[in-house]
Amino acid sequence: MPLKYRITLVYTFIVTIIMLLLCWAIYFYSAQNRVIQFQERLYRKAYSTAVLLKSQRFNADEVKAINESGNSSLFRKSINVYDAQNNLVFTYRDPDALPLVVNNAVLRTAKQRKKYFFGWDGRDAVAINYKDAVNEYTVIVASYDNDRVEWLSKLQAILAVCFFGSISIVIITGYVFSLGLVSSIRNLTNRINRISADNFLYRLDTGSGKDELQQLGTTINELLDRLQRSFDTQRRFIANASHELSTPLTAITSQLDVALQRERTNEEYKKIIKSIKDDAKRLGLLVKSLLEIAKASDSTGGIELASVRIDELLMGIPTEMKKISKLYEVELVFDEFPEEEDQTVVYGNMPLLYSAIKNIIHNACKFSPDKTAFVKLSFTPTYIVVTVKDNGPGIAPDDLEHIFQPFFRGYKQNNLIYGSGLGLALSKRIVDLHKGDIRVETEVDKGTTFVITLPIERLEKEVYNSETPDYSTLN
Ligand code: ADP
């Protein structure tokens, strides 16, 4: 069933139930009220009859005369009076009323309860027991509440008109309202359908209002912004990766072409092979970095998490740097260790963390003229902080905001020092993955300091348990 009919149906159903309850409550309360009022009048009539009969000044004929005179507002009334032995001592009835015949049970109940209301011959009746020092009477008055019947049937008509009138209004307004809602949703759907991977620039018109549909539109626009950024990053990444991979491959091919053009001396062949080896090595490093980036972009499912001692991890890095270049030096300084052992441990993936910290230390050695990285490990109650400082050229302010983007290489470093532009991007992804942070302080021609902050195991486990991190958003 279309949404507009469903909304109208639900809306009408709810209002119908409410209206039915309301009408029933009004009718029931009014009817009850009228019954109580009429019973009060019957009681007053029965009581005044008893008082008149016992009085010395009136006799039964006079009571009859009073009732016949039409002063009483009771309609089709019948009155019976019984003495203490249940003998009928007085009776009266209007010309259009049936004679009142009651059994002993009614008289007995009236004596027990003093006041007893009951129905008789389609009329309301009351039996009261009146007793003083001398006499005891049971007076029964029955009458037809003509007014109530008329009034209730009028009330029924009014309520029926109100009920059907309001249901009709509800159906019409519900339909119009649902049409408006459905058309807004349809507009939104049509606009969303116009968006495709090739037409990502198109955005929904959210207007200036603040209703739920406009908020939905704003949320979709924000989602599209994020997707567009992610698509752009991916496109750039693929373009850069292809370029970076094809450069050494082209170099290798052209060197082989040149080598094959004519016979060469052993020395020349050696030189060409060495150059090709360098290019192949570069290619290998690049592919390794790309694989690591792919791994760091994985979800937790693909990454093994365990307790990692950062001090132990750092101890292996100086040897690693020496393997890359004999010139590289790493000066390690550890702050005083905290008493609590869990404050020295990070919950994460050892190879990835090693790779992240190593890249930053490698950059410090690579870029600084003294080829030395000063590394300090310190602890706070909730974080482990690794500070990597160098006396290198620093990072130009224009470069600073791009250094974590894949394939970005500083202007100065582009040709002078070999690199792929993937090291910091990879480090940032890994540190983000571990809910940590990387901060950079730099001064041109003075040096650079990278501060890596990682939450300690206890804190990080709490974060992992409380939420499933969204690694797909990492760029
Ligand atoms: P790569 O080192 O391969 O160029 P990175 O991603 O590691 O790529 O670094 C990106 C850029 O950030 C570098 O090209 C360089 O311009 C700058 N950079 C990183 N670390 C340092 C540093 N310690 N000193 C100066 N510049 C740095």
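Novice: It is not clear to me how the overall build of the chain should be interpreted in this structure. Could you clarify?
Specialist: Helix and strand counts for the chain come out as 13 helices and 12 strands. Scaling as 2.2 N^0.38, a compact globule of 475 residues should have a C-alpha radius of gyration of about 23 Å, whereas the chain reaches 49 Å, well beyond that. Its C-alpha atoms put the chain at 155 × 60 × 35 Å along the principal axes. Residue burial in the chain is summarised as follows: out of 475 residues, 39% are buried. Here the analysis covers contacts within the chain between residues at least 6 apart in sequence; of these, 65% occur between residues at least 24 apart. Entry remark: accessible area of the chain is about 28,000 Å², with carbon and sulfur atoms responsible for 57%. Here the chain contributes 58 positive and 57 negative side-chain charges, whose respective centroids are spaced 7 Å apart.

Novice: Would you explain the nonpolar core in this entry?
Specialist: Within soluble globular proteins, side chains that are nonpolar generally end up buried alongside one another. Membership of the largest hydrophobic core comes to 46 residues, with the highest contact counts inside it found for Ile310, Leu314, Ile361, Val386 and Phe450. Examining the composition of this core, we find that 9 residues originate from one element, helix α9 (residues 350-367), more than from any other. Other than its neighbours up to four places away in sequence, Val386 contacts Ile310, Leu314, Ile357, Val375, Lys376, Leu377, Phe450, Val451 and Ile452. Membership of the second largest hydrophobic core comes to 16 residues, among which are Ile79, Val81, Val126 and Ile128.

Novice: Help me out: how do you make sense of the sheet that holds strand β11 (residues 437-443) in this one?
Specialist: Hydrogen bonding along the main chain pairs the strands of a sheet, whether they run parallel or antiparallel. Taken in spatial order, the 5 strands of this open sheet run β7-β9-β10-β12-β11, and their pairing is mixed. Every other strand in the sheet has two partners, leaving β7 (329-334) and β11 as the edge strands with one partner each. Geometrically, the sheet is characterised by an average inter-axis angle of 15° between neighbouring strands, direction not taken into account. Here strand β9 (residues 372-379) runs beside strand β10 (residues 383-390); their pairing, made up of 6 bridges, is antiparallel. Bridged to Phe374 within β10 is Lys389.

Novice: Would you mind going over α9 with me for this structure?
Specialist: For an α-helix, 3.6 residues make a turn, and residues three or four places apart therefore share a direction. An ideal rise of 1.5 Å per residue puts 26 Å on 18 residues; α9 measures up with 26 Å between its terminal C-alpha atoms. The buried count for α9 comes to 15 of 18 residues, which makes it a mostly enclosed element. The backbone nitrogen of Leu352 lies 3.0 Å from a side-chain oxygen of the residue at the head of α9, namely Asn349.

Novice: Honestly, the packing of helix α6 (residues 266-296) against helix α12 (residues 423-433) in this entry has me stumped. Any pointers?
Specialist: For any two helices packed against each other, one specifies the inter-axial angle together with the distance between the axes. At a minimum axis distance of 9 Å, the contact between α6 and α12 shows a crossing angle of 20°. Put simply, α6 runs roughly parallel to α12. When the axes of α6 and α12 are compared, the crossing they make is left-handed. Here α6 contributes Glu292, Ile293 and Ala296 to the contact with α12, which in turn contributes Leu426, Arg429, Ile430 and Leu433. Of the residues contributing to the contact of α6 with α12, the split by class is 5 nonpolar, no polar and 2 charged.

Novice: Can you walk me through the environment of Thr16 in this structure?
Specialist: By the secondary structure assignment, Thr16 is in helix α1 (residues 3-54). For the pair Thr16 and Phe163, spaced 147 residues apart in sequence, the C-alpha separation works out to 8.1 Å. Setting aside anything within four residues of it in sequence, one finds Thr16 in contact with Phe163 and Ile167.

Novice: Can you walk me through the confidence of the model for the chain in this structure?
Specialist: Interpreting fine coordinate detail is not advised for predicted regions of low pLDDT. Overall, the predicted model of the chain reaches an average pLDDT of 84, with 90% of residues at or above 70. Contacts for the low-pLDDT stretch residues 467-475, under 50 throughout, to residues beyond four places or in other chains number 15 contacts.

Novice: Which parts of the structure should I look at to understand the packing of aromatic side chains?
Specialist: To describe a pair of aromatic rings, one takes the distance between the centres and the angle between the planes. Per the stated rule, a full pass over the model turns up 8 aromatic pairs. Judged by centre distance (5.2 Å) and plane angle (10°), the rings of Trp24 and Phe28 are stacked. Of the two residues, Trp24 and Phe28 are both situated in helix α1; the distance of 4 residues between them amounts to about one turn of the helix. Ring pairs connect the aromatic residues Tyr43, Tyr47 and Tyr130, which therefore count as one cluster. We note Arg34 situated over the ring of Trp151; from NZ or CZ to the ring centre the distance is 5.2 Å. One cation-aromatic arrangement involves Lys428 over Phe404; the distance from NZ or CZ to the ring centre is 6.0 Å.

Reading guide: rules and limits
- Sequence positions are assigned chain by chain, starting from 1 and proceeding in written order.
- Local features in this predicted model are restricted to residues of pLDDT 70 or higher, and side-chain atom pairs are both shown and tallied only at a pLDDT of 80 or more, whereas totals for entire chains, interfaces and linings draw on every residue.
- As a convention, hydrogens and water are excluded, and side-chain values are obtained from all of the structure's heavy atoms.
- Only DSSP runs of H or I covering at least 4 residues are called helices, and only runs of E covering at least 2 are called strands; the numbering of each starts at the N terminus.
- Within these notes, the globule rule equals 2.2 Å times the number of residues to the 0.38 power, and the radius of gyration is based on C-alpha atoms.
- A simple rule labels every residue: compare its accessible area, found with a 1.4 Å probe on the protein chains alone, to the largest value its type can have, and call it buried under 20%, exposed over 50%, or partly exposed in between.
- Pairs of residues are marked as contacts when any of their non-hydrogen atoms sit within 4.5 Å.
- Method for areas: the Shrake-Rupley scheme with a 1.4 Å probe, in which residue coverage is limited to the protein chains shown.
- In this count, Lys and Arg are taken as positive residues and Asp and Glu as negative ones, while His and the chain termini are left out.
- In plain terms, the charge of a residue is placed at NZ if it is Lys, CZ if Arg, CG if Asp and CD if Glu.
- What we call a nonpolar core is a set of buried Ala, Val, Leu, Ile, Met, Phe, Trp, Tyr and Cys residues that are connected through their side-chain atoms within 4.5 Å.
- One requirement defines pairing of two strands: DSSP has to find at least two bridges between them.
- In this description, a line fitted to the C-alpha atoms serves as the axis of each element, helices being fitted only across the stretch in contact, and the angle between N-to-C directions of two axes falls anywhere from 0 to 180 degrees.
- Expected span, for any helix, means 1.5 Å times one less than how many residues it has.
- Pairs of N or O atoms within 3.5 Å make up the polar contacts considered here, provided that, within protein, one atom can donate a hydrogen while the other can accept it, and that residues adjacent in sequence are counted only when both atoms are side-chain atoms.
- For classification purposes, angles smaller than 35 degrees are called roughly parallel, those larger than 145 roughly antiparallel, those between 65 and 115 roughly perpendicular, and all remaining angles oblique.
- In a left-handed crossing the near helix is turned counterclockwise from the far helix by less than a right angle, and in a right-handed crossing that turn is clockwise.
- Each residue gets one label: Ala, Val, Leu, Ile, Met, Phe, Trp, Tyr, Cys and Pro are nonpolar, Asp, Glu, Lys and Arg are charged, and the others, such as Gly, are polar.
- Per-residue confidence from the predictor is reported as pLDDT, which spans 0 to 100.
- Ring pairs shown here join Phe, Tyr and Trp side chains whose ring centres sit within 6.5 Å, with only the six-membered ring taken for Trp; geometry is labelled stacked below 30 degrees between planes, edge-to-face above 60, and tilted in between.
- A positively charged side chain is recorded as over a ring if its NZ (Lys) or CZ (Arg) lies within 6 Å of the ring centre. The angle to the ring normal must also be within 35 degrees.

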